[in-house]
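# Examination of the molecular architecture
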Amino acid sequence: MKHFLSSLVNAGVVTIVTSGVMTILNSDHFAFTTWLRNWCISWTIVFVYVFLFAGRVSKKIHGL
């Protein structure tokens, strides 16, 4: 159950951060030409969170 909880928290946090950044970047226009740049930024956020923060969040949830 704790593994499910930590996965849920981590997925939720990274989704919220990525969505927020993409909303800010796309707030003035929705041109297709910005898609690749935004895709790269989104995945950069995901990878940074997973490699730098997800383990810490999981340890706190598991009480380690």
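For the structure itself, consult the block above.
Residues numbered from 1 in each chain as written. Predicted model: local features only at pLDDT ≥ 70, side-chain atom pairs only at ≥ 80, totals over all residues. Heavy atoms only, no water.

## Some remarks on the side chain of S58
For S58, the position within the fold is in helix α2 (residues 35-62). Excluding anything up to four places from it in sequence, S58 contacts S6 and N10. (Helix = DSSP H or I, 4+ residues; strand = E, 2+ residues; numbered from the N terminus. Contact = heavy atoms within 4.5 Å.)

## Side note on the side chain of S6
Relative to the elements of secondary structure, S6 occurs in helix α1 (residues 2-26). Taking relative accessible area as the criterion, S6 reaches 2% and is therefore assigned buried. Filtering out sequence-adjacent residues up to four positions away, S6 remains in contact with S58, I61 and H62. (Buried < 20%, exposed > 50% of the residue type's maximum accessible area, 1.4 Å probe, protein only.)

## Observations concerning the environment of R56
With respect to the helices and strands, R56 occurs in helix α2. Here R56 falls in the exposed class, since its relative accessible area comes to 56%. Distance in space between the C-alpha atoms of R56 and S6 is 9.9 Å, their sequence separation being 50 residues. A distance of 3.5 Å separates the side chain of R56 from the backbone oxygen of L52, its partner in a polar contact. (Polar contact = N/O pair within 3.5 Å; in protein donor to acceptor, adjacent residues only side chain to side chain.)

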